[in-house]
Amino acid sequence: MSSSDIFIGETIGTAVLILLGGGVCAAVTLKRSKARDAGWLAITFGWGFAVLTGAYLAGGVSGAHLNPAVTLGLAIEGGTAWSDVPVYLVSQLLGAMIGAVLVYAVYYGQFHAHLTDPGVIGTKSTDEGMVDRTAAPKAGPVLGIFSTGPEVRNGVQNVITEIIATVVLVLAILTQGLNNEGNGLGTLGALITALVVVGIGLSLGGPTGYAINPARDLGPRIVHSLLPLPNKGGSDWGYVWVPIVGPLIGGALAGGLYNLAFA
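Residues numbered from 1 in each chain as written. Predicted model: local features only at pLDDT ≥ 70, side-chain atom pairs only at ≥ 80, totals over all residues. Heavy atoms only, no water.

A.B. asks: Residue-level account of the side chain of N67, with values.
C.D. replies: Looking at where N67 falls in the secondary structure, it is placed in the loop between α2 (40-62) and α3 (68-77). A polar contact is formed between the side chain of N67 and the backbone nitrogen of A69, at a distance of 2.8 Å. Not counting chain neighbours up to four residues away, the residues in contact with N67 comprise E10, Q92, L169, I212, N213 and P214. (Helix = DSSP H or I, 4+ residues; strand = E, 2+ residues; numbered from the N terminus. Polar contact = N/O pair within 3.5 Å; in protein donor to acceptor, adjacent residues only side chain to side chain. Contact = heavy atoms within 4.5 Å.)

Given below as C-alpha cells:
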C-alpha cells in the first residue's frame, strides 16, 4: 500500500475511533446528556464498537493499525515495513486529534453546561457574594473524556498495567487466524479485535482507564489543552508519559513474543 493510502486510512480510521470512543465517555460524563451515568459497561462496549467501526473503515485501505503500539508490534513481527512506520504514527496522531475535535463539536452544548455548573467545578459564593473558584480541581472535570488517568497514581504500577494490557491486545491481533497456511481472518479480524478491547476494558481497565494506544491518549490530550472550554482545569501533562511509554513497550514485547513463540 502507498504512503497516501496509509495516511488516508489511518487518519480517517483513527478519527472515527476517537469520535465514537470519546463520544461514549462524553455521553456518560456530561450533564444534559441522555446517557449520563450509564457506567463502565457502556464505556467499555462503546470503545469496543469504536474499534470495530474504525478498523472496518480503514482495514482495506491501510490495514487499520489505528494505534502506534500495533504499528510497532507489526514492524517487529515483520508484517509492516519500518519505512512506513513514521507515516502510520503521524496519521494516527492527526486522526486522534480530529476525532477529539469532533467529540467537542457534537457535545458542545453539554460541555458548556457541565463546565459552568457550580456543582461540577466546585465554585461557591463568599459572604460578599463573590464567586470563589479556589475549590476548582487542578485536573479538568472533563479531561477523562479526552484522555486517560489512574485511579491510584503510581508510575511503576500504571506503566506495568498499560504494558500488560497492550501485550494482550497486540498479541491477539498478531495471532488472528494463525494456522499452517498463515492466513488471517480478513474483516472478521475487526470484530475479534473489538471484542478483545472490550475484554481488556472490563478486566484490566480499572487501574488506568486502559489507554493501550499512545495516539488515543496524546492526540485528544493536546486538543483538551487547546480547546476554549471554561473552567476546564489542567491537562495532567505529568502523567502523559505513562500512556505513551507503557503501550509502546507492550507493543514491542508482543511483537518479540510472537516471533519467539508463534513465527
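A.B. asks: Let's hear about the confidence of the model for the chain: which residues, and what values?
C.D. replies: Here the chain shows a mean pLDDT of 91. Residues at 70 or above account for 89%. A low-confidence stretch, residues 125-137 (pLDDT under 50), is modelled with 17 contacts involving residues beyond four sequence positions or located in other chains. (pLDDT = per-residue confidence, 0-100.)

A.B. asks: If you had to explain the environment of L257 to someone new, which residues and values would you point to?
C.D. replies: Its location among the elements puts L257 in helix α11 (residues 242-261). Between the alpha carbons of L257 and G73 there is a distance of 9.6 Å; along the sequence they are 184 residues apart. Among residues more than four places away in sequence, those in contact with L257 are L171 and F262.

A.B. asks: Could you give an account of the environment of G109, with specific residues and numbers?
C.D. replies: Within the element layout of this structure, G109 appears in helix α5 (residues 108-115). Residue G109 is classed as partly exposed on the basis of its relative accessible area of 45%. Through-space distance from the C-alpha of G109 to that of K31 is 9.8 Å; in sequence the pair is 78 residues apart. (Buried < 20%, exposed > 50% of the residue type's maximum accessible area, 1.4 Å probe, protein only.)

A.B. asks: Tell me what's going on with the packing of aromatic side chains, and back it up with residues and numbers.
C.D. replies: Two descriptors summarise a pair of aromatic rings, namely the distance from one centre to the other and the angle between the planes of the rings. Taken as a whole, this structure holds six aromatic pairs when the rule is applied. Measuring from ring centre to ring centre gives 6.4 Å for F45 and F49, while their planes differ by 45 degrees; the resulting arrangement is tilted. Of this pair, F45 and F49 both sit in helix α2, four residues apart, which is roughly one turn of the helix. The exposed category is assigned to F49, whose relative accessible area is 52%. On the basis of an interplanar angle of 25 degrees and a centroid distance of 5.8 Å, the ring pair of Y258 and F262 is categorised as stacked. For Y258, a relative accessible area of 8% puts it in the buried group. (Phe/Tyr/Trp six-rings, centres within 6.5 Å; stacked < 30°, edge-to-face > 60°.)

A.B. asks: Outline the packing of helix α8 (residues 155-174) against helix α9 (residues 188-204), listing residues and values.
C.D. replies: Closest axis-to-axis distance for the α8/α9 pair is 10 Å, and the angle between their directions is 160 degrees. Between α8 and α9, the angle is such that the two are roughly antiparallel. Between α8 and α9 lies a crossing whose hand is right-handed. Contacts between α8 and α9 involve T161, A165, V168, L169, A172 and I173 on the former and, on the latter, T193, V196, V197, I200 and L204. (Axes fitted to C-alpha atoms, helices over the stretch in contact; angles between N-to-C directions. Parallel < 35°, antiparallel > 145°, perpendicular 65-115°, else oblique. Left-handed = near helix turned anticlockwise from the far one by under 90°.)

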